[in-house]
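Structural features, examined
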Amino acid sequence: AGSGGGGGSIPAIDPGALQDVVSLAGQVAAQVDELLRNVHCGLQALTALSVGCIQTYRDGVESLGEAADLSIRAMYALVARCEELDRAMQPVPALAKRIRDMKGTLERLEGLCK
């Protein structure tokens, strides 16, 4: 019946082969599901790590800003104290000259007493 020019006939499907294809498709689907679960877990872990790094960086920047602010304030306080000390020390050269003069006078008096 089919040896003539009938190129339009469809061969019969083997039910065993069809069952094998269905079984393999189920296995592939299960493997794809497992792969997607693993990728999802990996992405969640990377996201958590990234969030932790960003929070640590933010905390470090805030801490650095506070430390820089405190350092600037301490520097201004030090400069103010140095200026106060400089003003307080202004009479010292005049006192040193007076002390040298007194020492010279004492040495002359001592020379006279000998």
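Per an unreviewed UniProt entry, the protein carries the name BORC6 protein and comes from Todus mexicanus.

**Notes on the overall build of the protein**
A count of helices and strands for the protein gives two helices and zero strands. In summary, the protein has a C-alpha radius of gyration of 48 Å against a globular reference of 13 Å for 114 residues, an excess of more than 25%. The principal-axis extent of the C-alpha atoms belonging to the protein is close to 160 × 25 × 25 Å. Burial status across the protein gives 0% buried among its 114 residues. For the protein, the accessible area works out to roughly 10,400 Å², and carbon and sulfur atoms hold 66% of it. Separation of charge centres in the protein, based on 11 positive and 14 negative side chains, amounts to 29 Å.

**Description of the confidence of the model for the protein**
The predicted model of the protein averages 91 in pLDDT, with 93% of residues at 70 or higher. Low confidence marks residues 1-5, where pLDDT is under 50. Its contacts with residues over four positions away, or in another chain, come to zero contacts.

**Some words on the UniProt feature "domain: BLOC-1-related complex subunit 6 C-terminal helix" (unreviewed entry) in the protein**
UniProt records the feature "domain: BLOC-1-related complex subunit 6 C-terminal helix" (unreviewed entry) at residues 11-110, using the numbering of this structure. The straight-line gap between the two end C-alpha atoms of residues 11-110 is 141 Å; of that span, 94% is helix and 0% is strand.

**A look at the pattern of salt bridges**
Under the defined criterion, the tally for this structure stands at four salt bridges. Arg73 is the salt-bridge partner of Asp69, the closest N and O atoms lying 3.1 Å from each other. In this pair, Asp69 and Arg73 are both assigned in helix α1 (residues 15-89), four residues apart and thus about one turn of the helix distant. Taking relative accessible area as the criterion, Asp69 reaches 34% and is therefore assigned partly exposed. With its nearest N and O atoms 3.2 Å apart, the salt bridge here joins Lys97 to Asp101.

The rules behind each value
Residues numbered from 1 in each chain as written. Predicted model: local features only at pLDDT ≥ 70, side-chain atom pairs only at ≥ 80, totals over all residues. Heavy atoms only, no water. Helix = DSSP H or I, 4+ residues; strand = E, 2+ residues; numbered from the N terminus. Rg over C-alpha atoms; globule rule 2.2 N^0.38 Å. Buried < 20%, exposed > 50% of the residue type's maximum accessible area, 1.4 Å probe, protein only. Areas by Shrake-Rupley, 256 points an atom, 1.4 Å probe, with all protein chains shown as cover. Lys, Arg positive; Asp, Glu negative; His and termini not counted. Charge placed at Lys NZ, Arg CZ, Asp CG, Glu CD. pLDDT = per-residue confidence, 0-100. Contact = heavy atoms within 4.5 Å. UniProt positions renumbered as here; feature names shortened; annotations may be inferred. Salt bridge = Lys/Arg side-chain N within 4 Å of Asp/Glu carboxyl O.

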